[in-house]
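Structural description and commentary
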Amino acid sequence: MTSRRIFRSLPAVALVAAGAIVLAGCTPADGDAAATGDPVTGGTLVYASGDAEPSCLDPHVGGNYPQALIAGQFLESLVSLDESGEVIPWLATEWTTSEDGLTWDFTLREDVSFTDGTPFDAEAVKANVEHLKDPATQSSTGYLALGKVDTVEVVSDTVARFHLSVPDSALLESLSQPWTAIESPTGIARGMDENCVAPVGTGPFIVDEWIPQDHVSLVRNDDYTTGPADRAHDGAAYLDGITWRFIPDSASRYAALQAGEVDIIDNAQPDTLDQASKSGTLVEIDAPRPGAANRLELNSGQPPFDDIRVREAFIRAADVNDGIDSLFFGTADRSYSVLSSVEQLAYSDDSLFDTDLDEANALLDEAGWTERDSRGIRSKDGVPLTLRFPVSTNQSIPAEQSLFEQVQATAKEAGFDVQLSPVDLSSWYGALAAHEYELVSAPYTKVGPDVLRILYHSDSITPAPSGYFANLAQLDDADLDALLTAAASESDPDERADLYEQAQQIILGGFYALPLYDQQNHFLHSPGLEGVRAMPTVSTPTFADAWLAD
Amino acid sequence: MPRSRVLRRVALRLAGAAFVLWAVATLTFFAIHLVPGDPAQAILGGPGSQASQEALDEVRADYGLDQPLVVQYGAMLGRLVTGDLGDSYALKTPVAELIGGQILGTLALAALALVVAWVLAVGLALWSTSAGRIGRAIAGGLELTAAALPHFWLATVLIAVFSTSLGWLPPVSNDAASGLVLPVITLAVPLAGFLAQLMRERMLEALEQPFAVSAAARGETAAGLRLRHALRHAALPAINLSGWAVGYLISGAVVVETIFARPGLGRTLLRATELRDVPVVVGVVLVVALVYVLMTLATDVVSRFADPRIAREEAPA
């Protein structure tokens, strides 16, 4: 995470503020107050989200980013990550793993209660894992994350023992995510309908009321004592509460922030960030999401991309750098890795992605795509070189959609007919399930490099019963499968890093994906809001230490 | 008019209304099934969910999604006839409850916009018909421009001017009445353009009629002529248009509620469509159709008052 204050004309202020935010993230209890004034207790923060309103506030159910954003205010996880990506204590104070990696003992914090009075103990952890693994919960993200956990044994009130079916080097990363956060077992026992409306956790805030399509009211948990080990201060939050609003239109969201109707917005778009930096009063938090970088997947499971020469030709022809510069106003950096830059094990190789139209043409000639029609589109045996590219208008922001148009234009010079079709989310999944695509951009947020296994192991080509499959490049490579499987069980950090590097070399070197940039995640807030930071786990903001200065 | 005749007219009207509602439900049901997307996924946590086969099978059986489309359609009609709108796939709450919680906001928005549009249109028509050739040209241009303005563009401009630059009004809705001003203006202005155009033309026609000439000869003032005589003629087509206008306003609410972050039926419909939440989509569309039908009936009654000739023409000779 990087934080910077947008004060182009006042660099000194920017330095102080940025320093304060970094300090707030790194040093507990002190640092921030000295630089930006003493925390003020009271006031209700208004948060404006551009993400879809969840249909259930319990992130165990389904498990998407909008749920993670709000659930982080009232639920807590067993572990967290610090700024450098190291796993740190949260609700669990320490953990040990057996020699064979099949048993993990988590020691839990004592004297912690959920906000409904239910004690937090090993029994509660067990109930949560069972809740996540119960098909009736309809969990997808949390369910996948705990796929290797068989059972949880209650050793004592404060020790929960996880029994695994195979060693899992990603277990701690999985448990740091909001989708596996710990909820009150009493709350869960109320049943899905009630728990969806107001899940109960140990976090700094409590769900008070949810007015659908309008807002969720959160109030302070006065008895709050927990928090990740890198939290800036102890005890209850400064804010009285949070009004969590849903403002889907980007321009309205920004106008509401400018008018002081709201204190912080998410999903700040490149043009908004550009305006904000010129106006110079708002503060930006740039917190790329972990997991995969945004990238174009090239469907290698069917012609024409089953031929590596055609894939390479596309990558040589499609120019994205100019588009990223002009359409994103310098708010996004080009990536040459399939992993997010916040991932410690991200491997990057820019030399593979040079554009070269002559080379692209030569490769296509060599691959037999030699005929050209009046528009310059190549064909082979009468089959035109068509690339179907369904674009989800829910997931691709307007700047990204424009970038895809530039990809279309530059690829056409080499003779590709890129057919962009902007569709809504349901149609988009429909097109993917029917394999009616050659190119696709699909974000995937997860903590840790194990996301590579989800996205590129051949097992992920087999669709889930819902038709969904994550390996959209349809990459089917036995060596890669072996590397990803070995890495997922490897407990030695150096060995693990080496295995993931080899795996990423195969993915990048085979031209299965065209990396674009990190999954963008920009927040803008008013200068009066202090002490807010994005969690180093999935980059959601936390308001446990935030206060409103005016 | 004999009673049997009145009854027949009422029965015909009701049958027509029922037909409209049936047609709307049918078209909506089949249209949403024509586009790709799996309602079972809406039930199991939205598109892209990684639900298990067991969960999917269970849900399909529970909701009858494994039945042929025609059977599902029949089941839906059966429910609707008894007044049951069903449960939302995504939210698992009764559709009637969901709509009940959202409809007032949308109706208030539409009603206010209709009133404002009428005020603007009458004002513009009265002014332009008395303002000579140049005034008429200006009014004509204004009306055309207003009628052609897309809601999303107008909303964005209004926010930029009245919220961001001047700071007079909130850019997104809030509990205060001030939050309604920009959404209402956004919806009202294009509609006022349509209405004013109609009224001005009719008013000019009316002013050339013999009754207007004789009224003027009796010493009626220019303003009185317009207000007391011509306006009634001019209002007729606009009244008839108001039934359609409510439909237009509610469809505009989809855009306006999204931009101004107002809760309401428009946003409910948008979200339900994205998720393929069939019961909610059908429910909202039906309710909108019902409002439209009721409005059309109401405009019939109002135009009878505005123009007694209608009732007279229908009376037996």
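Residues numbered from 1 in each chain as written. Chains lettered and ligands numbered in written order. Predicted model: local features only at pLDDT ≥ 70, side-chain atom pairs only at ≥ 80, totals over all residues. Heavy atoms only, no water.

**Re the interface of chain B and chain A**
It is common to give the size of an interface as the accessible area lost on bringing the parts into contact. As a reminder, the rule being used: Whether two residues are in contact is decided by their heavy atoms, any of which lying within 4.5 Å being enough. Here, a salt bridge means any Lys or Arg side-chain nitrogen found within 4 Å of an Asp or Glu carboxyl oxygen. As used in this structure description, the phrase polar contact means that two N or O atoms lie within 3.5 Å; if the pair is within protein, one of them must be able to donate a hydrogen and the other to accept it, and residues adjacent in sequence are counted only when both atoms belong to side chains. Helix and strand labels come from DSSP, where a helix needs a run of H or I of at least four residues and a strand needs a run of E of at least two; each type is numbered from the N terminus. Gly counts as polar in this scheme, as do all residues outside two lists: the nonpolar Ala, Val, Leu, Ile, Met, Phe, Trp, Tyr, Cys and Pro, and the charged Asp, Glu, Lys and Arg.
Each partner contributes to the interface: chain B provides 37 residues, whereas chain A provides 33 residues. Ionic pairing is found between A:Asp424 and B:Arg276, a salt bridge with its closest N-O pair at 3.0 Å. Here chain B and chain A share eight residue pairs in polar contact (both at pLDDT 80 or more) between them. Looking at the side of chain B that touches chain A, the elements with two or more residues in it are α2 (39–43), α3 (53–63), α7 (151–165), α10 (222–259) and α11 (265–275) of chain B. With six residues, the single largest contributor to the side of chain B that touches chain A is α11(B). Of the residues belonging to the side of chain B that touches chain A, the class tally is 17 nonpolar, 15 polar and five charged.

**Some remarks on the domain arrangement of chain A**
Residues and elements named next belong to chain A. This is how it is decided: For the domains described, the bounds stem from an automatic or database domain assignment. Once two parts are joined, some of their accessible surface, as seen by a 1.4 Å probe, is lost; buried area is that loss totalled over both.
Taken as a whole, chain A is organised into domain 1 (4–287 + 521–548) and domain 2 (294–517). Computed from C-alpha coordinates alone, the two centres of domain 1 and domain 2 are separated by 31 Å. Listed per partner, the contact involves 24 residues of domain 1 and 21 residues of domain 2. Among the residues domain 1 hides against domain 2, the three largest losses belong to Ser-169, Glu-173 and Pro-270. Together they make up 32% of the total. Notably, a salt bridge pairs Glu-173 with Arg-496, separated by 3.1 Å at the nearest N-O pair. Seen at the junction of domain 1 and domain 2, the total is six residue pairs in polar contact (both at pLDDT 80 or more). Put simply, the parts of the chain that give the side of domain 1 that touches domain 2 at least two residues each are α6 (171–175) and α10 (270–279). It is α10 that contributes the most residues to the side of domain 1 that touches domain 2, four residues altogether.

**Some words on the pattern of salt bridges**
Residue and element names in this part refer to chain A. Just so we agree on the cut-off: Think of it in three bands: with a 1.4 Å probe and only protein chains considered, a residue is buried below 20% of the maximum accessible area for its type, exposed above 50%, and partly exposed in between.
By the definition in use, this model includes 19 salt bridges over all chains. Residue Arg-378 is joined to Asp-365 by a salt bridge in which the shortest nitrogen-to-oxygen separation is 2.6 Å. With Arg-378 in strand β16 (residues 378–380) and Asp-365 in helix α13 (residues 357–366), this pair connects stretches of sequence that are 13 residues apart. Residue class for Arg-378 comes out buried when judged on its relative accessible area of 2%. The partner of Glu-438 in a salt bridge is Arg-388, and the shortest N-O contact between them spans 2.8 Å. Of this pair, Glu-438 sits in the loop between α15 (425–433) and β20 (439–441) while Arg-388 sits in strand β18 (residues 386–392), and the two are 50 residues apart along the sequence.

**Section: the state of the cysteines**
All names here are of chain A. The cut-off we apply is this: Here, a disulfide means two cysteine sulfur atoms that sit within 2.5 Å of each other.
A full pass over the atoms with the stated rule returns one disulfide over all chains. Between Cys-56 and Cys-196 runs a disulfide, and the two sulfur atoms are separated by 2.1 Å. An S-S torsion of about -90 degrees defines the bridge between Cys-56 and Cys-196 as left-handed. You can see Cys-56 sitting in the loop between β2 (44–49) and α3 (65–71) and its partner Cys-196 sitting in helix α8 (residues 192–197), a full 140 residues away along the chain. The residues Cys-56 and Cys-196 share a single accessibility class, namely buried.

**A word on a negative patch on the surface**
Residues and elements named next belong to chain A. Applied cut-off: Patches in this entry comprise residues that are over 30% relatively accessible and not in a salt bridge; like charges within 9 Å are linked, as are nonpolar side chains (Val, Leu, Ile, Met, Phe, Trp, Tyr) within 5 Å. Computed with the Shrake-Rupley method and a 1.4 Å probe, the accessible areas treat only the protein chains shown as cover for residues. Counted charges follow a simple rule, with Lys and Arg positive, Asp and Glu negative, and His plus the chain ends left uncounted. Charged groups are reduced to one reference atom each: NZ for lysine, CZ for arginine, CG for aspartic acid, CD for glutamic acid.
Taken together, the side chains of Asp-350, Asp-354, Asp-356, Asp-358 and Glu-359 present a region of like negative charge at the surface. Tracing the sequence through the fold places Asp-350 in the loop between α12 (321–327) and α13. Of the residues examined, Asp-350 reaches a relative accessible area of 47% and is grouped as partly exposed.

**Quick word on empty space enclosed by the protein**
All names here are of chain A. Defined as follows: Definitions used for this entry: grid spacing 1 Å over protein atoms alone; cavity, a set of points where a 1.4 Å probe fits but cannot get out; pocket, an open set with protein on both sides within 12 Å along at least 5 of 7 lines; lining residue, one with an atom within 4 Å of a point. Grid points are joined across faces, edges and corners, and a volume is the space filled by probe spheres set on the points.
Taken as a whole and judged by the stated rule, the model has five cavities of 30 Å³ or more. Of the voids in this model, the largest cavity is the one considered here, and its volume is about 200 Å³. Lining the largest cavity we find 22 residues, and of these Gly-72, Leu-75, Trp-90, Met-535 and Thr-542 sit closest to its centre. In the lining of the largest cavity, the residues fall into ten nonpolar, eight polar and four charged.

**Quick look at the packing of aromatic side chains**
Heads up, the rule is: In summary, the pairing rule links any two rings of Phe, Tyr or Trp, Trp by its six-membered ring, whose centres are within 6.5 Å, and it sorts them by plane angle into stacked for under 30 degrees, edge-to-face for over 60 and tilted for everything else. Charge-over-ring placement is defined geometrically: NZ (Lys) or CZ (Arg) within 6 Å of the ring centre, and within 35 degrees of the ring normal.
Tallied over the full model, the rule gives 21 aromatic pairs over all chains. Consider the rings of A:Tyr238 and A:Trp547, whose centres lie 5.7 Å apart with planes at 90 degrees: the pair is edge-to-face. Here A:Tyr238, found in the loop between β10 (215–220) and β11 (241–246), pairs with A:Trp547, found in strand β26 (residues 547–548); they are 309 residues apart in sequence, far enough to count as distant. Each of the two residues, A:Tyr238 as well as A:Trp547, counts as buried. Aromatic side chains B:Phe194 and B:Trp244 sit 5.6 Å apart centroid to centroid with 85 degrees between the ring planes, which places their arrangement in the edge-to-face category. Taken together, the residues span a long stretch of sequence, with B:Phe194 in helix α8 (residues 178–207) and B:Trp244 in helix α10 at a distance of 50 residues. For B:Trp244, a relative accessible area of 35% corresponds to the partly exposed category. Grouping aromatic residues by their ring pairs yields a cluster made of A:Trp95, A:Trp104, A:Phe106 and A:Phe162. Above the plane of the ring of A:Tyr65 lies A:Arg289, whose end atom (NZ or CZ) is 3.4 Å from the centre.

**What to know about the confidence of the model for chain A**
Using the following cut-off: For every residue, the predictor states its confidence as a pLDDT score lying anywhere from 0 to 100.
Considering every residue of chain A, the mean pLDDT works out to 90; 93% of them sit at 70 or more. Predicted confidence for residues 1–35 of chain A stays below pLDDT 50, and this span has 60 contacts to residues more than four positions away or in other chains.

**Digging into the sheet that holds strand β8 (residues 159–164) of chain A**
Residue and element names in this part refer to chain A. How we decide: Between any two strands, pairing holds if DSSP finds at least two bridges. As a rule, the C-alpha atoms of each element are fitted with a line to give its axis, helices using only the stretch in contact, and angles between N-to-C directions run from 0 to 180 degrees.
Spatially, the four strands line up as an open sheet ordered β5-β6-β8-β7, and their pairing is antiparallel. Sheet topology places β5 (92–97) and β7 (149–156) at the edges, where each strand pairs with a single neighbour. Between one strand axis and the next, the sheet turns through 20 degrees on average, direction left out of account. Of the strands in this sheet, β6 (103–108), β7 and β8 touch helix α4 (residues 122–133), which is tilted by about 165 degrees from β7.

**With respect to the nonpolar core**
Within soluble globular proteins, side chains that are nonpolar tend to cluster in buried spots. Put simply, the rule reads: Residues belong to a common nonpolar core when they are buried Ala, Val, Leu, Ile, Met, Phe, Trp, Tyr or Cys residues joined through side-chain atoms within 4.5 Å.
Among the nonpolar cores identified, the biggest contains 74 residues, and B:Ile99, B:Trp118, B:Leu191 and B:Leu249 are the most heavily contacted of them. The dominant element in this core, judged by the number of residues it contributes, is α10(B), at 16 residues. Taken domain by domain, this core gets at least three of its residues from each of domain 1 (16–81) and domain 2 (95–314) of chain B. Every residue in contact with B:Leu191, bar those within four places of it in the chain, is listed here: B:Leu114, B:Ala117, B:Trp244, B:Ala245, B:Tyr248 and B:Leu249. Counting 72 residues, the second largest nonpolar core, distinct from the first, contains A:Phe328, A:Phe353, A:Leu364 and A:Phe469.

**Details of the domain arrangement of chain B**
Residues and elements named next belong to chain B. Taken domain by domain, chain B holds domain 1 (16–81) and domain 2 (95–314). Counting residues at the interface gives 18 residues for domain 1, matched by ten residues for domain 2. Between domain 1 and domain 2, roughly 1300 Å² of surface is buried when both sides are summed, and carbon and sulfur atoms account for 87% of that area. Counting the surface domain 1 buries against domain 2, the share from its top three residues, Leu-21, Thr-28 and Ile-32, is 38%. Seen at the junction of domain 1 and domain 2, the total is zero residue pairs in polar contact (both at pLDDT 80 or more). Sorting the residues of the side of domain 1 that touches domain 2 by element identifies α1 (3–34), α2 and α4 (69–81) as the ones contributing at least two each.

**Topic: the UniProt feature "domain: ABC transmembrane type-1" (unreviewed entry) in chain B**
Note the cut-off: UniProt positions are given in the numbering used here, feature names are shortened, and annotations may be inferred rather than shown by experiment.
Residues annotated by UniProt as "domain: ABC transmembrane type-1" (unreviewed entry) correspond here to residues 103–303 of chain B. Between the C-alpha atoms that bound residues 103–303 of chain B the distance is 27 Å, and the span itself is 86% helix and 0% strand.

**Topic: the UniProt feature "transmembrane region" (unreviewed entry) in chain B**
Residue and element names in this part refer to chain B. The sites that UniProt annotates as "transmembrane region" (unreviewed entry) are residues 12–35, 103–127, 148–170, 176–196, 235–260 and 280–302. Secondary structure across residues 103–127 divides into 100% helix and 0% strand, with the first and last C-alpha atoms of the span separated by 36 Å. Secondary structure over residues 176–196 splits into 90% helix and 0% strand, and the C-alpha atoms at its two ends are 30 Å apart.

**Comments concerning the environment of A:Glu297**
All names here are of chain A. Among the structural elements, Glu-297 can be located in strand β14 (residues 294–298). You can call Glu-297 buried: its relative accessible area is 0%. Spatially, the C-alpha atoms of Glu-297 and Pro-185 are 41 Å apart, while their sequence positions differ by 112 residues. For Glu-297, the side chain forms a polar contact with the side chain of Tyr-456, separated by 3.0 Å.

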